[in-house]
Amino acid sequence: MPELVVTALLAPSRLTLKLLRAFMWSLVFSAALVAAAVYGCIALTHVLCRPRRGCCGRPRRTPPACLSDPTLGEHCFLTLKSSGLRLHYVSAGRGNGPLMLFLHGFPENWFSWRYQLWEFQSHFHVVAVDLRGYGSSDAPKDVDCYTIDLLMTDIQDVILGLGYPKCILVSHDWGALLAWNFSIYYPSLVERLVVVSAAPMSVYQDYSLHHIGQFFRSNYVFLFQLPWLPEKLLSMSDFQILKTTLTHRKRGIPHLTPNELEAFLYDFSQPGGLTGPLNYYRNIFRNFPLAPQELATPTLLLWGEKDPYFELGLVEAISSRFVPGRLETHILPGVGHWIPQSNPKEMHQYMWAFLQDLLD
């Protein structure tokens, strides 16, 4: 068929897609302005209630002692083959078994996997990375340096750079969004997948379009589409919004100590420490709309019944995309979003059972 004819036939579809994306972005930025007004009021309230803290975050000069706990592992750096960036990671148990790679979420870092590093280093080579833009890892400033494709390439380079042909990929929150995509596009590199508190992007997209409540739970995503303002709001009153997110009595991480809280705030308090992590969100709508994807990697999915950020209905939506027999799901009653830190014992029990045949 002549190229001109093909172009003519595709023109209506391309125009429709452009109009759909334009409409989507108008809604996103409208929601972003509303979210900015709401979070601006919250941040201003924190400043007025705690005037001594001021409007800016206090840079931490020294990291808390828990970040250098030798029982968690050795601190290392890996230069990525594809990008040349250096990623920081903590490693323990090399030579004890297969690679178990941990991907953290926001607002966290490698330290969010401390309980799992202790638990699994006896039978696995456990590695918890600071993702691109986080902590001691390199943090490019350009938003385009944080696309899903580039972040997946980082994961590939970490696995191969550590000398392994595949891994057990354990993930939470934003790390889980990356892990879902990685298992689809790099299936040969993922022997088993453990996902906590996150859905594949295509599932999240379709579910949110039919369940308006999920949009309200994810209102912060719209705020983070804006330049510079989210960094300012999150840092006001010495990062009080982040502190509340992590320590809230109902929505936060139970029993998080002040020292452990500082383990997360230390990195974000450094100059530009919030921009890299927020750039993940600024790319989240880049490929809208997403086509449905079949999921086939053997997967353990853990979900908190009381997760304030993701509706329970997403679990069924995820299950509907799976090849039969490849997904094991557990919903933890009365539990929130931060399962690796709030309920490590339950998580470990499910993981040991899920991975038992690899150890036999």
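Residues numbered from 1 in each chain as written. Predicted model: local features only at pLDDT ≥ 70, side-chain atom pairs only at ≥ 80, totals over all residues. Heavy atoms only, no water.

A. Representation of the overall build of the protein chain in the model. Regarding its fold elements, the protein chain presents 13 helices and eight strands. Considered along the principal axes of its C-alpha atoms, the protein chain spans approximately 65 × 60 × 45 Å. The burial tally for the protein chain puts 52% of its 360 residues in the buried class. Counting contacts in the protein chain only where the partners sit at least 6 residues apart, residues at least 24 apart contribute 77% of the total. Carbon and sulfur atoms make up 60% of the accessible area of the protein chain, which totals about 16,500 Å². (Helix = DSSP H or I, 4+ residues; strand = E, 2+ residues; numbered from the N terminus. Buried < 20%, exposed > 50% of the residue type's maximum accessible area, 1.4 Å probe, protein only. Contact = heavy atoms within 4.5 Å. Areas by Shrake-Rupley, 256 points an atom, 1.4 Å probe, with all protein chains shown as cover.)

B. Expanded view of the packing of aromatic side chains. The final tally for this structure, using the stated rule, is 26 aromatic pairs. Between Tyr220 and Tyr309, the aromatic rings sit 5.8 Å apart at their centres with planes inclined by 90°, giving edge-to-face as the arrangement. Here Tyr220 is found in helix α7 (residues 219–223), whereas its partner Tyr309 is found in the loop between β7 (299–304) and α11 (313–319), with 89 residues between them in sequence. Across this residue pair, the class does not change: Tyr220 and Tyr309 are buried. (Phe/Tyr/Trp six-rings, centres within 6.5 Å; stacked < 30°, edge-to-face > 60°.)

C. Geometry of helix α3 (residues 148–161). A rise of 1.5 Å per residue sets the reference length of α3, with its 14 residues, at 20 Å; its end C-alpha atoms lie 20 Å apart and thus fit the reference within 8%. The set of residues buried in α3 consists of Ile148, Leu151, Met152, Thr153, Asp154, Ile155, Asp157, Val158 and Ile159. Of the residues trailing α3, Gly163 is marked for its positive phi of about 90°. (Expected span 1.5 Å × (residues − 1).)

D. Expanded view of the packing of helix α8 (residues 229–247) against helix α9 (residues 258–268). At their nearest, the axes of α8 and α9 sit 11 Å apart, and the two run at 145° to each other. Note on packing geometry: the crossing formed by α8 with α9 is right-handed. Within the contact between the two elements, α8 uses Phe239, Leu242, Lys243, Leu246 and Thr247 and α9 uses Leu261, Phe264, Leu265 and Phe268. Of the residues that constitute the contact of α8 with α9, the class distribution is seven nonpolar, one polar and one charged. (Axes fitted to C-alpha atoms, helices over the stretch in contact; angles between N-to-C directions. Left-handed = near helix turned anticlockwise from the far one by under 90°. Nonpolar A, V, L, I, M, F, W, Y, C, P; charged D, E, K, R; others polar.)

E. Molecular detail of the environment of Leu332. Within the secondary structure layout, Leu332 lies in strand β8 (residues 327–332). Accessibility expressed as a relative area gives 4% for Leu332, which makes it buried. For the pair Leu332 and Leu302, spaced 30 residues apart in sequence, the C-alpha to C-alpha distance is 7.3 Å. When residues no more than four places from it in sequence are discounted, the contact partners of Leu332 are Leu302, Trp303, Gly304, Glu305, Ile339, Asn343, Glu346 and Tyr350.

F. Looking closely at the sheet that holds strand β3 (residues 99–103). One open sheet holds the eight strands; their spatial order is β1-β2-β4-β3-β5-β6-β7-β8, and the pairing between them is mixed. Pairing within the sheet leaves two strands with one partner each, and these edge strands are β1 (74–79) and β8. Recorded for the sheet is a direction-independent mean angle of 20° between the axes of neighbouring strands. In this structure, β3 lies alongside strand β5 (residues 167–172), joined through four bridges in parallel fashion. Counted as the bridge partner of Phe102 is Val170 from β5. Along the sheet, α3 makes contact with β1, β2 (86–92), β3, β4 (125–129) and β5, crossing β3 at roughly 150°. The sheet strands contacting helix α13 (residues 344–359) are β3, β5, β6 (190–196), β7 and β8, and the helix crosses β6 at an angle near 165°. (Pairing = 2+ DSSP bridges.)

G. Just the nonpolar core, in detail. In this structure, Met100, Leu101, Phe106 and Leu169 are the most contacted members of the largest nonpolar core, which totals 116 residues. Considering every element that reaches this core, the biggest residue donor is helix α1 (residues 3–49), with eight residues. Residue contributions to this core reach at least three from each of two domains, namely domain 1 (28–59 + 208–283) and domain 2 (65–203 + 292–358). Look past the residues within four positions of Leu169 in its chain and what remains in contact with it is Leu101, Leu103, Ile155, Ala179, Phe182, Val190, Arg192, Leu193 and Val194. (Core = buried A, V, L, I, M, F, W, Y, C linked by side-chain atoms within 4.5 Å. Domains from an automatic or database assignment.)

H. Spatial organisation of the domain arrangement of the protein chain. What the domain assignment reports for the protein chain is domain 1 (28–59 + 208–283) and domain 2 (65–203 + 292–358). Using only C-alpha atoms to locate each centre, domain 1 and domain 2 end up separated by 23 Å. The partner domain 2 presents 34 residues to the 33 residues of domain 1 that form the contact. Buried area between domain 1 and domain 2, both sides added, is near 2,900 Å², and the carbon and sulfur share of it is 61%. Taken as a group, Arg217, Phe264 and Tyr280 account for 25% of the area that domain 1 buries against domain 2, more than any other trio of residues on that side. Taken together, domain 1 and domain 2 are joined by one salt bridge. Glu260 is the salt-bridge partner of Arg114, the closest N and O atoms lying 3.5 Å from each other. Going through the elements one at a time, α6 (212–217), α8, α9 and α10 (275–281) are the ones with two or more residues in the side of domain 1 that touches domain 2. If one sorts the elements of the side of domain 1 that touches domain 2 by residue count, α9 sits on top with seven residues. A breakdown of the residues in the side of domain 1 that touches domain 2 according to their chemical character gives 17 nonpolar, eleven polar and five charged. (Buried area = accessible area lost by both parts, 1.4 Å probe. Salt bridge = Lys/Arg side-chain N within 4 Å of Asp/Glu carboxyl O.)

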